Amino acid sequence: MSTRARTNPAPGAIAGRSTIASVLPELIATATLTVDTRGQGFTDITREAARFVTEAGAGHGTLQLFLRHTSASLVIQENADPDVQVDLVTALDRIAPADAGWVHDTEGPDDMPAHVKAMVNGVSLQVPVIDGKLALGTWQGLYLAEHRTRPHRREVVLQFIGSRR
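Residues numbered from 1 in each chain as written. Predicted model: local features only at pLDDT ≥ 70, side-chain atom pairs only at ≥ 80, totals over all residues. Heavy atoms only, no water.

(A) Layout of the environment of L63. As for its placement among the helices and strands, L63 is situated in strand β3 (residues 58–67). L63 gets classed as buried once you look at its relative accessible area, which sits at 0%. For the pair formed by L63 and L134, sequence separation is 71 residues and the distance between their alpha carbons is 7.9 Å. With sequence-adjacent residues up to four places away left out, L63 is seen in contact with A49, F52, V53, L125, Q126, V127, V129, L134, L158, Q159 and F160. (Helix = DSSP H or I, 4+ residues; strand = E, 2+ residues; numbered from the N terminus. Buried < 20%, exposed > 50% of the residue type's maximum accessible area, 1.4 Å probe, protein only. Contact = heavy atoms within 4.5 Å.)

See the structure below:
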């Protein structure tokens, strides 16, 4: 193999892997984050999640996030350009429009589409924690996606499992 092949792998090739960090879980820390949404759209919860990890004294492990609702969701998305969030709301509205003739409308015409959007996105996330920091990519943030038209109070359970700092 030539030097060039090692420094510039072919597209789609595995470029390498870091060394393995191994720890025994010695800490389970849990808290509930309450988020007041403004209605349909995204609320950035990255800072609150990072603060929880810091205050828990987390070292290496995983942060699990779980949303206790069925008409909102959790996503990891771009945090640089707010237009991405506008386009994502538009895309989700195309997937599950309010006027699609839903049978369930007890809680209003936006409720059933909200359930579909939550099912598509999901209500839980896992984020690796390395040296006490969320291992998110440069342009990634953690968001609560509100799918209902009016504001709601939402609860996100945060749980770190791993080593202490």
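That was the structure; now back to the text.
(B) Broad picture of the sheet that holds strand β5 (residues 124–130). In space, the five strands of this open sheet follow the order β1-β8-β3-β5-β6, with antiparallel pairing throughout. Taken across any chain shown, the strands that pair with only one partner, and hence form the sheet edges, are β1 (27–36) and β6 (133–134). Sheet topology places β1 next to strand β8 (residues 153–164); 10 bridges connect them, and they run antiparallel. Residue pairing for β8: L33 is matched across the bridge by V156. (Pairing = 2+ DSSP bridges.)

(C) Spotlight on helix α3 (residues 82–95). Over its 14 residues, α3 extends 20 Å from the first C-alpha to the last, a length consistent with the 20 Å expected when each residue adds 1.5 Å. In this structure, the buried residues of α3 make contact with β2 (41–44), β4 (72–78), α4 (111–121) and β7 (140–146). Between the side-chain oxygen of the N-cap and the backbone nitrogen of D83 there are 2.9 Å, and the N-cap of α3 in question is D81. (Expected span 1.5 Å × (residues − 1). Polar contact = N/O pair within 3.5 Å; in protein donor to acceptor, adjacent residues only side chain to side chain.)

(D) Looking closely at the environment of T149. Considering the arrangement of structural elements, one finds T149 in the loop between β7 and β8. With a relative accessible area of 56%, T149 lands in the exposed category. Each C-alpha atom of the pair T149 and L27 lies 39 Å from the other, and the pair is 122 residues apart in sequence. In this structure T149 touches G39, Q40 and D110, once residues within four positions along its chain are discounted.

(E) Broad picture of the packing of aromatic side chains. Following the criterion strictly, the structure yields one aromatic pair and no others. Aromatic pair F42 and Y143: ring centres 6.1 Å apart, planes at 90°, arrangement edge-to-face. Taken together, the residues F42 in strand β2 and Y143 in strand β7 connect sequence positions 101 residues apart. (Phe/Tyr/Trp six-rings, centres within 6.5 Å; stacked < 30°, edge-to-face > 60°.)

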